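Overview (structure and organization)
Chain residues, written in single-letter form:
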Number of protein chains: 2
Amino acid sequence: MDTKAAGRVDFVGDVMDPACPSRVVFARVGDKWASLVIQVLAEGPLRFSELRAHVQVVTPKVLTQVLRALERDGLVTRTVFAQVPPRVDYELTPLGRTLLGPLSELRHWAEHNVAAMLAARDAYDDAQDRL
Amino acid sequence: MDTKAAGRVDFVGDVMDPACPSRVVFARVGDKWASLVIQVLAEGPLRFSELRAHVQVVTPKVLTQVLRALERDGLVTRTVFAQVPPRVDYELTPLGRTLLGPLSELRHWAEHNVAAMLAARDAYDDAQDRL
DNA sequence: CGGTATCCGGTTGGATACTG
DNA sequence: CAGTATCCAACCGGATACCG
């Protein structure tokens with residue numbers, strides 16, 4: 001389950017490994033759309049067009065790519081209903097649902113601290129301009 | 001501090017906003033090196049060359065970019081010591097330190113669940129190959 | 001030591017148009 | 001409705017070389 005150091009998987013050293021667990025997960029979370037889709041699906045299954053409506057600006061191609069990636073990672077299921085017009089539902093798997101916790105932690109941090117971050121940016125940019 | 005819906009900042013709707021807090025933070029966390037650097041700095045301040053040693057494969061240019069971004073966001077401080085040879089220390093700010101919690105939550109999720117993710121990937125890829 | 005300058009290939013995200 | 005196909009521009013991360 002771990003790469004090598006069985007007794008200290010918590011150590012940051014793991015993170016250096018390119019094939020490291022954190023890297024894999026952090027990449028998904030940092031994906032422009034992935035964690036957004038996951039959080040939209042938190043409330044329940046949605047069809048493709050509903051997802052498009054929720055994630056307003058995403059193009060069908062990109063949305064498909066994201067959903068395929070999430071499906072591949074076992075985070076969402078894709079259910080095709082044999083009917084016309086076609087209907088495809090996307091739903092979080094149990095595994096995907098366990099990601100909601102860490103994700104919302106991050107969301108809460110963001111909501112509480114982003115003001116400070118943006119203020120810091122302004123200050124930094126101002127300081128640069130004066131040079 | 002929030003964008004508009006004061007009574008329900010927790011709702012996912014916020015996340016749609018391109019200027020949404022979560023988007024800003026998720027982008028940082030998802031950055032290939034940023035959250036890695038933050039976690040390396042958790043143990044204490046490090047100089048540039050020490051960071052390079054810890055984050056083995058990163059090139060100086062990229063490491064500089066990451067550090068500048070983190071500094072701009074008020075997550076790390078950059079301290080230059082006027083001496084020869086030059087010495088520059090990077091250290092987490094109080095704000096940056098508060099990010100360690102959510103980040104390690106994510107790390108723990110990764111360590112516990114990445115095996116399932118990778119297994120799902122293999123299964124998915126196998127299924128594709130058979131088509 | 002702690003960077004910067006220049007160049008570059010690969011990936012990402014998107015616009016547009018078309019299909020089962 | 002739920003995608004796919006094609007093309008494309010921008011950005012990212014990196015290799016290499018050089019500088020204060």
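Residues numbered from 1 in each chain as written. Chains lettered and ligands numbered in written order. Predicted model: local features only at pLDDT ≥ 70, side-chain atom pairs only at ≥ 80, totals over all residues. Heavy atoms only, no water.

**Describing the overall build of chain A**
- When its secondary structure is counted, chain A shows 6 helices and 3 strands.
- Ordering the α and β elements of chain A from the N terminus gives α-α-β-α-α-β-β-α-α.
- Counting across all 131 residues of chain A, residues that qualify as buried make up 44%.
- Contacts spanning at least 24 positions in sequence make up 42% of the contacts within chain A whose residues lie at least 6 apart. (Helix = DSSP H or I, 4+ residues; strand = E, 2+ residues; numbered from the N terminus. Buried < 20%, exposed > 50% of the residue type's maximum accessible area, 1.4 Å probe, protein only. Contact = heavy atoms within 4.5 Å.)

**Quick word on the protein's contact with DNA strand C**
- Surrounding DNA strand C, one finds 19 residues, the nearest of these being Lys61(A), Ser49(B), Thr64(B), Arg78(B) and Tyr90(B).
- Sugar and phosphate atoms represent 78% of those atoms of DNA strand C found within 4 Å of the protein.
- At a separation of 3.1 Å, a phosphate oxygen of DNA strand C approaches a polar side-chain atom of Lys32(A).
- Within the side chain of Tyr90(B), one N or O atom sits 2.8 Å away from a phosphate oxygen of DNA strand C.
- Taken together, the elements giving at least two residues each to the surface near DNA strand C come down to α4 (60-72) of chain A together with α3 (48-54), α4 (60-72) and β3 (87-92) of chain B.
- Its residues assigned to classes, the surface near DNA strand C shows 8 nonpolar, 3 polar and 8 charged. (Near = heavy atom within 4 Å. Polar contact = N/O pair within 3.5 Å; in protein donor to acceptor, adjacent residues only side chain to side chain. Nonpolar A, V, L, I, M, F, W, Y, C, P; charged D, E, K, R; others polar.)

**Focus on the UniProt feature "domain: HTH hxlR-type" (unreviewed entry) in chain A**
- Mapped onto this numbering, the UniProt entry annotates "domain: HTH hxlR-type" (unreviewed entry) at residues 20-118 of chain A.
- Spanning residues 20-118 of chain A, this segment combines 62% helix with 14% strand, and its end C-alpha atoms are found 31 Å apart. (UniProt positions renumbered as here; feature names shortened; annotations may be inferred.)

**Looking at the relation of the copies chain B and chain A**
- Overlaying chain B on chain A yields an RMSD of 0.1 Å, the required transformation being a rotation through 180° with an accompanying axial translation of 0.0 Å. Taken together, the rotation angle and the small translation identify this as a two-fold axis. Residue Gly30(B), judged by its C-alpha, is the member of chain B lying nearest the rotation axis, at 1.6 Å.
- When the interface residues of chain B are mapped onto chain A, 98% of them again fall at the interface, so both copies present the same face. (Least-squares fit on C-alpha atoms with pLDDT ≥ 70 in both.)

**As for the pairing of strand β2 (residues 76-81) of chain A**
Residues and elements named next belong to chain A.
- Bridge count between β2 and strand β3 (residues 87-92): 6 bridges; the pairing is antiparallel. When the bridges of β3 are listed, Val76 appears paired with Leu92.
- Here β2 hands over to β3 after 5 residues, the two strands then running antiparallel side by side. (Pairing = 2+ DSSP bridges.)

**Re the protein's contact with DNA strand D**
- By nearness alone, 20 residues border DNA strand D, and Arg47(A), Ser49(A), Arg78(A), Tyr90(A) and Lys61(B) come closest of all.
- Each atom of DNA strand D within 4 Å of the protein was assigned to sugar, phosphate or base; sugar and phosphate come to 72%.
- At a separation of 3.2 Å, a phosphate oxygen of DNA strand D approaches a polar side-chain atom of Arg68(A).
- Here a phosphate oxygen of DNA strand D and a backbone polar atom of Val88(A) are 3.3 Å apart.
- Breaking the surface near DNA strand D down by element, the ones donating at least two residues are α3 (48-54), α4 and β3 of chain A together with α4 of chain B.
- Grouping the amino acids of the surface near DNA strand D by side-chain chemistry returns 9 nonpolar, 3 polar and 8 charged.

**Focus: the packing of aromatic side chains**
- The final tally for this structure, using the stated rule, is 0 aromatic pairs over all chains.
- Looking at Arg87(A), its charged tip hangs above the ring of Phe81(A), at a distance of 5.2 Å from the centre. (Phe/Tyr/Trp six-rings, centres within 6.5 Å; stacked < 30°, edge-to-face > 60°. Lys NZ or Arg CZ within 6 Å of the ring centre and 35° of its normal.)

**Some points on helix α1 (residues 21-30) of chain A**
- Here α1(A) lies mainly inside the structure; 8 of its 10 residues are buried.
- Within α1(A), the full set of buried residues consists of Pro21(A), Ser22(A), Arg23(A), Val24(A), Val25(A), Phe26(A), Arg28(A) and Val29(A).
- Looking at the packing, one finds that the buried side of α1(A) touches α2 (34-40), α4 and α6 (100-129) of chain A together with α1 (21-30), α2 (34-40) and α6 (100-129) of chain B.

**Details of the nonpolar core**
- With 65 residues, the main nonpolar core has Val25(A), Leu51(A), Val25(B) and Leu51(B) as its most contacted residues.
- Apart from residues no more than four positions distant in its own chain, Val25(B) is found in contact with Leu106(A), Trp109(A), Ala110(A), Val114(A) and Met117(A). (Core = buried A, V, L, I, M, F, W, Y, C linked by side-chain atoms within 4.5 Å.)

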